[in-house]
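# Descriptive structure summary
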Amino acid sequence: MQTLIKNIKELVGVETTPRLRKQGKEMAQMETIKDAYLVVEDGKFKSFGLMKDLKEENADLVVDATGKMVCPSFCDSHTHLVYANSREKEFVDKIRGLSYEEIAKRGGGILNSAKATAAASEEELYDMAQQRIEEAVRLGTGAMEIKSGYGLTTESELKLLRVIRRLRENTPVTIKSNFLGAHGIPMEYRGHQEDYVDLVINEMMPKVAAEGLADFVDVFCDQGFFTVKDTERILEAGIKYGMRPKIHANEMAVSGGVQVGVKYGAISVDHLEQMGDAEIESLKGSETMPTILPGCAFFLNLPLSPARKMVDSGLSVAMASDYNPGTAPSFNMQLILSMACIRYRLTPEEAFNATTINTAYAMGVSDKLGSIAVGKVANFYITKPIASYEYMPYAYGENKVEQTFLNGKRI
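A short tour of the structure in this document, coming up.

About the cut-offs
- Residues numbered from 1 in each chain as written.
- Predicted model: local features only at pLDDT ≥ 70, side-chain atom pairs only at ≥ 80, totals over all residues.
- Heavy atoms only, no water.
- Core = buried A, V, L, I, M, F, W, Y, C linked by side-chain atoms within 4.5 Å.
- Buried < 20%, exposed > 50% of the residue type's maximum accessible area, 1.4 Å probe, protein only.
- Helix = DSSP H or I, 4+ residues; strand = E, 2+ residues; numbered from the N terminus.
- Contact = heavy atoms within 4.5 Å.
- Axes fitted to C-alpha atoms, helices over the stretch in contact; angles between N-to-C directions.
- Parallel < 35°, antiparallel > 145°, perpendicular 65-115°, else oblique.
- Left-handed = near helix turned anticlockwise from the far one by under 90°.
- Patch = residues over 30% accessible without salt bridge, like charges linked within 9 Å, V, L, I, M, F, W, Y side chains within 5 Å.
- Areas by Shrake-Rupley, 256 points an atom, 1.4 Å probe, with all protein chains shown as cover.
- Salt bridge = Lys/Arg side-chain N within 4 Å of Asp/Glu carboxyl O.
- Pairing = 2+ DSSP bridges.
- Right-handed = clockwise from strand over helix to strand, strands pointing away.
- Phe/Tyr/Trp six-rings, centres within 6.5 Å; stacked < 30°, edge-to-face > 60°.

Our focus in this paragraph is the nonpolar core. In this structure, Leu167, Phe179 and Met319 are the most contacted members of the largest nonpolar core, which totals 102 residues. Here this core takes eight residues from helix H6 (residues 193-210), the largest share from any one element. Excluding residues that lie within four positions of it along the chain, Leu167 makes contacts with Leu81, Val82, Tyr126, Ala129, Gln130, Ile133, Ile146 and Ile175. Counting 19 residues, the second-largest nonpolar core is a separate cluster that includes Ile5, Phe48, Ala65 and Val70.

This is the structure in structure tokens:
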């Protein structure tokens, strides 16, 4: 099957020499081709270039993109997509002045979602998650990392991870699975959370590994949640089972989560609302991708991660949605692209790289996704007629995507 997209106003995110991530000044570099064509064959990018150089092609499908942009699909490297209930009542509690930590202490937050998840069937969770994925695809997302973490019991965590596996098998989206048993501390383990860490390591993890349910292991290493010592124990166990570490770090406080992530070779450390010079220095020269979650900071009125300072210091930066029912109820990566520019002062080029190639790296798939390069998987979208690619972050309140292609097929 061959598809030709012709008369493209501008082809965005092209790479003639593919790279796995962009760092520092590289983040401001984004190659584009005006008045372009793109050829896709058997689910991969075959060729691209100027329209004047297009030779006769016998394509099965020809799409005229006059006046429109073509961009690589967003990669959303941090989501909690599988859950049972929304939490708008806690949203009202926040408006009335309660903090996230206060809501969590009284059994809200993650524990609220865990209770609802335990009561839901696997089929119900799957159906709800599939609808969310379909909407995310319409907004331009082509890859997602999905975490467990709303189980907090062995049975429920396995249920969540099995749903994620079904989504990976039955949707066109590229999905990576993350075991986040250490997402919150159940009420019955308050005051002796080391026993819950034992449960995660000795009971949950062997069963997760036996079924091959997780690519990554994750820990909420932060004030009021899991300590650095807890985190080290969980990561060491996960590595033995072949799961690469990821970390929720420094959302509430400077927790040591960034440093422990780097120490154990985490593919990413995520949140980073609380970042000092020591955290930035620890990331330099590492293989760990610092990942900012603008939707969470916006929803909770948290301090902004110093993205500009991080890029200027030579670091890579990725930006993902953190889609979840309690602190970031939006999977709209177009909105994240806009926030990257409006709130974090990244240029449009830096913002595009932060939500495509660098988030692909944070999922371990940047060799296949995140840019338009010959041989990569053909995940891309065609915009509505727009003036320039800068319009994408500028017009934050509308869906600019007209058509989505995943694995070379129009969705």
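With that settled, the discussion passes to the packing of helix H12 (residues 333-342) against helix H13 (residues 348-355). At a minimum axis distance of 9 Å, the contact between H12 and H13 shows a crossing angle of 140°. Taken as axis vectors, H12 and H13 run oblique relative to one another. Where H12 crosses over H13, the handedness of that crossing is right-handed. Judged by residue contacts, Met333, Ile336, Leu337, Ala340 and Cys341 of H12 engage Pro348, Ala351, Phe352 and Thr355 from H13.

On to unusual backbone geometry. Glycine aside, a negative phi is what most residues show, and trans is what most peptide bonds show. The phi angle at Leu272 is positive, at roughly 65°, despite the residue not being glycine. Inspection of the secondary structure assignment puts Leu272 in the loop between strand S11 (268-271) and helix H9 (277-283). Residue class for Leu272 comes out buried when judged on its relative accessible area of 0%. Of note in the backbone geometry, Asp322 takes a positive phi value of approximately 60° without being a glycine. Looking at where Asp322 falls in the secondary structure, it is placed in the loop between strand S13 (318-319) and H12.

Where nonpolar side chains cluster on the molecular surface, the patch consists of Phe91, Val92 and Ile95 and spans about 260 Å² of accessible area. Assignment of secondary structure puts Ile95 in helix H1 (residues 88-95). On the basis of relative accessible area, Ile95 is assigned to the exposed category, the value being 60%.

Two strands pair when backbone bridges link them, and strand S10 (residues 244-249) and S11 are joined in this way by four bridges, in the parallel orientation. Residue pairing across strands places His248 opposite Asp270, the latter belonging to S11. Once the chain exits S10 it traverses helix H8 (residues 257-263) before rejoining the sheet at S11, and the crossover so formed is right-handed. Bridging between S11 and strand S12 (residues 289-292) involves four bridges; their strand directions are parallel. Directly across from Ser268, in S12, lies its bridge partner Met289.

Within the open sheet, the eight strands sit side by side as S6-S7-S8-S9-S10-S11-S12-S13. Their pairing is parallel. Of all the strands in the sheet, the pair left with one neighbour each is strand S6 (74-79) and S13. Bridge count for strand S7 (residues 141-147) against strand S8 (residues 174-182) is five bridges, and the pairing is parallel. When the sheet's bridge partners are listed, Ala143 is paired in S8 with Thr174. Along the sheet, helix H7 (residues 228-240) makes contact with S8, strand S9 (216-221) and S10, crossing S9 at roughly 175°.

This paragraph deals with the packing of aromatic side chains. Counted according to the given criterion, the structure contains eleven aromatic pairs. Taking 5.9 Å as the distance between ring centres and 45° as the angle between the ring planes, the aromatic pair formed by Phe45 and Phe380 counts as tilted. Of this pair, Phe45 sits in strand S3 (residues 44-50) while Phe380 sits in strand S14 (residues 380-385), and the two are 335 residues apart along the sequence. By relative accessible area, which is 2% here, Phe45 ends up buried. Using a relative accessible area of 0% as the deciding quantity, one classes Phe380 as buried. On the numbers, 6.0 Å between centres and 85° between planes, the contact of Phe352 with Tyr389 is edge-to-face. Placement of Phe352 in helix H13 and of Tyr389 in the loop between S14 and helix H15 (391-394) is noted, with a sequence separation of 37 residues between them.

For the rest of this paragraph, the subject is the pairing of strand S4 (residues 61-64). Side chains Leu61 and Val63 project from S4 onto a buried face, and the interleaved Val62 and Asp64 project onto a face without burial. Looking at chain direction, strand S1 (residues 2-14) and S4 are connected through four bridges and run parallel. Of the residues in S4, the one forming a bridge with Thr3 is Leu61.

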